[in-house]
Amino acid sequence: MLETTIAAICPLDEPAMTAARHLQARLTKPAGSLGVLEELSIRLTGLAGACPPPPPSPAALAIFAGDHGVHAQRVTGWPQEVTAQMVANFLAGGAVVNAFARQAGASVTVVNVGVATPLPVPAPTDTDHHPTGTDGPDVPRLVVESVRLGTRDMTVTAALRREEARAAVEVGIRIAGELIDAGAGILLTGDMGIANTTPAAALIAVFTAVDAAEATGRGTGVDDPTYQHKIEVVRAALRRHDPDPDDPLAVLAAVGGLEHAALTGFVLGAAARRVPVLLDGVIAVSAALAAAALAPDAVGAMVAGHRSAEPGATIALRRLGLTPLIDLGLRLGEGTGALLALPVVASAVRVLHEVATFDSAGVAEQ
């Protein structure tokens, strides 16, 4: 599945992009006045191979959840059980991501790709505050595709075996395909996993060749001693494995997480189907680096939803050549930043569909 998906990923359609540039130049506005939105609309046109491109709707968010053996190194103050508890919260509709998804009209799929502890039964939904209902399209659904119960401690051994990393990547590919087959016009990335910013930092350090200190952030907000320890943990893992960025699967296996690998496949699956994928924060962009290493043309399908407060996210976005659409100091994850950016993506496409040209509006050009 992985090789077939990679083979299906092609460059952006240059004639379509040229048509979009010409259309942008004829719209009733000063050239370049919409800034980043203009280039985004051109890229989305190239992805679709049609000018204007189809509206990016409906939107489908997939939250990939997994646990991490490196949690044993005390890189966070949160207990590992919180991963499973938050999955239950997602399913009950009570998390921030659920509120934002309802506002954006996006579906939510939660994928258990490697949660280490049993999932608690979701609490009954308080429909006065979390109106998910019981059987409507806005009800989050759970997909169980567990590759293993969390990763191994990457400071002791490889986090995953190569075949486990591949299996997790292919989970992401399958989920992307299922959502697109169900009609999704844009995919959004989400994640949940206590301690997952530690493997994200390791992935970013490998794929961008920066020091662990540059790629590592405070995650859920650790204190200074824990932050310094976290940097040393990332360095220790990189020293132990010395991952080769030219072998992305080996990198994911050595220092990645199950949700990172699944998100890598999710991005590849979207790119293969020429559907845009709106990236969330540092976990998503670390996975996007792996996807780009596997298939460089996959970057054409990527849209950076926001600039995470995690320093590694900016480094990763710079390497990918992506401009984040919003910058609000977010570091929650879950898919929240991607959901907030969704209306911006929709607006970029709507311009090409609805704004009059100088000729059609009878407006004089400069």
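Nothing here was measured: the structure is a model prediction, and the numbers come from that model.

Procedures and definitions
Numbering of residues starts from 1 in each chain and follows the order in which that chain's sequence is written. In keeping with the predicted nature of the model, local features appear solely for residues at pLDDT of at least 70, side-chain atom pairs appear and are counted solely at 80 or more, and the whole-chain, interface and lining totals rest on all residues. Derived side-chain values reflect all non-hydrogen atoms in the structure, with water molecules and hydrogen atoms excluded from consideration. Here the rule is simple: two strands pair whenever DSSP picks up at least two bridges between them. Each helix is a run of H or I in the DSSP string that is no shorter than four residues. Each strand is a run of E no shorter than two, and both are numbered from the N terminus. Orientation is described by axes fitted as lines to C-alpha atoms, over the contacting stretch for helices, and by angles from 0 to 180 degrees between their N-to-C directions. Residues are treated as being in contact if the distance between any of their heavy atoms lies within 4.5 Å. Disulfide: a pair of cysteine sulfur atoms within 2.5 Å of each other. Note on ring pairs: Phe, Tyr and Trp rings are taken, using the six-membered ring of Trp, and paired if centres are within 6.5 Å. Classes follow the plane angle, with under 30 degrees stacked, over 60 edge-to-face and the rest tilted. Relative accessibility thresholds used throughout: buried, under 20% of the residue-type maximum; exposed, over 50%; partly exposed, between the two (1.4 Å probe, protein chains only). Among the buried residues, those of types Ala, Val, Leu, Ile, Met, Phe, Trp, Tyr and Cys that are joined through side-chain atoms within 4.5 Å form a nonpolar core. Any carboxyl oxygen of Asp or Glu that lies within 4 Å of a side-chain nitrogen of Lys or Arg is treated as forming a salt bridge with it. Every residue carries a pLDDT, the predictor's confidence in it, which falls somewhere between 0 and 100.

## Structural notes on the sheet that holds strand β5 (residues 277-279)
As a general point, the strands of a sheet are linked pairwise by backbone hydrogen bonds and lie either parallel or antiparallel. The parallel open sheet is built from six strands, whose spatial order is β3-β2-β1-β4-β5-β6. Two strands close off the open sheet at either side, each with one partner strand: β3 (141-144) and β6 (302-304). In this sheet, adjacent strand axes meet at a mean angle of 30° when their direction is disregarded. Judged from the seven bridges that link them, strand β1 (residues 59-66) and strand β4 (residues 186-192) form a sheet pairing that is parallel. By the bridge assignment, F64 is partnered in β4 with D191. On the sheet, helix α4 (residues 82-92) packs against β1, β2 (107-114), β3 and β4 and is oriented at approximately 140° with respect to β4.

## Notes on the state of the cysteines
For the structure on display, the rule yields zero disulfides. There is no disulfide at C10, and the cysteine sulfur nearest it, in C51, is 20 Å away.

## Details of the packing of aromatic side chains
Remark: the centre distance and the inter-plane angle together describe each pair of aromatic rings, the angle taken between the planes. Evaluation of the coordinates by the stated rule reveals one aromatic pair. Ring centres of F64 and F266 lie 5.3 Å apart, and the angle between their planes is 70°; on these two criteria the pair is classed as edge-to-face. One end of the pair, F64, is in strand β1; the other, F266, is in helix α11 (residues 258-272), and 202 residues separate them in sequence. The two residues F64 and F266 agree in class, both being buried.

## A short note on the pairing of β4
With respect to burial, β4 is a largely interior element, seven of its seven residues being buried. Residues I186, L188, G190 and M192 point to one face of β4 and L187, T189 and D191 to the other, with burial holding for every one of them. Pairing analysis gives two bridges linking β4 to β5, with the strands arranged parallel. By the bridge assignment, L188 is partnered in β5 with L278.

## Quick word on the nonpolar core
In this structure, F64, I175, L187, V255, F266 and M302 are the most contacted members of the largest nonpolar core, which totals 86 residues. With eleven residues, helix α12 (residues 282-294) is the largest single contributor of residues to this core. The contact partners of F266, leaving out residues within four places of it in the chain, are A62, F64, G172, I173, I175, A176, L179, L187, L188, T189 and V277. Counting residues in each nonpolar core, the second largest holds 34 residues, with V87, F90, M192 and V303 among its members.

## A few points about the environment of G77
By the element assignment, G77 lies in the loop between β1 and α4. Note on G77: relative accessible area 70%, which makes it exposed. Through-space distance from the C-alpha of G77 to that of L294 is 34 Å; in sequence the pair is 217 residues apart.

## A short note on the pattern of salt bridges
Counted by the stated rule, this structure contains 14 salt bridges. Among the salt bridges present, the one from E164 reaches R148, with a minimum N-O distance of 3.6 Å. Here E164 is found in helix α6 (residues 162-181), whereas its partner R148 is found in the loop between β3 and α6, with 16 residues between them in sequence. It is possible to trace a salt-bridge network through shared partners that takes in R148, R152, R161 and E164.

## Overview of the environment of V147
Relative to the assigned elements, V147 resides in the loop between β3 and α6. With 185 residues separating them in the primary sequence, V147 and L332 have C-alpha atoms 25 Å apart. Not counting chain neighbours up to four residues away, the residues in contact with V147 comprise V113, E164, A167, A168, V171 and L258.

## Remarks on the confidence of the model for the chain
The predicted model of the chain averages 93 in pLDDT, with 95% of residues at 70 or higher. Every residue in residues 123-136 is under pLDDT 50, and counting partners more than four places away or in other chains gives 19 contacts.

## Observations concerning unusual backbone geometry
What you tend to see is this: most non-glycine residues have negative phi, and most peptide bonds are trans. For the bond running from C51 to P52, omega is -5°, close enough to zero to count as cis. Relative to the elements of secondary structure, P52 occurs in the loop between α3 (36-48) and β1. Each neighbour pair has its own omega, and for S57 with P58 the value is -10°, a cis peptide bond. Phi at R274 takes a positive value of approximately 60°, unusual for a residue other than glycine. You can see R274 is positioned in the loop between α11 and β5. Classification of R274 as partly exposed rests on a relative accessible area of 26%.

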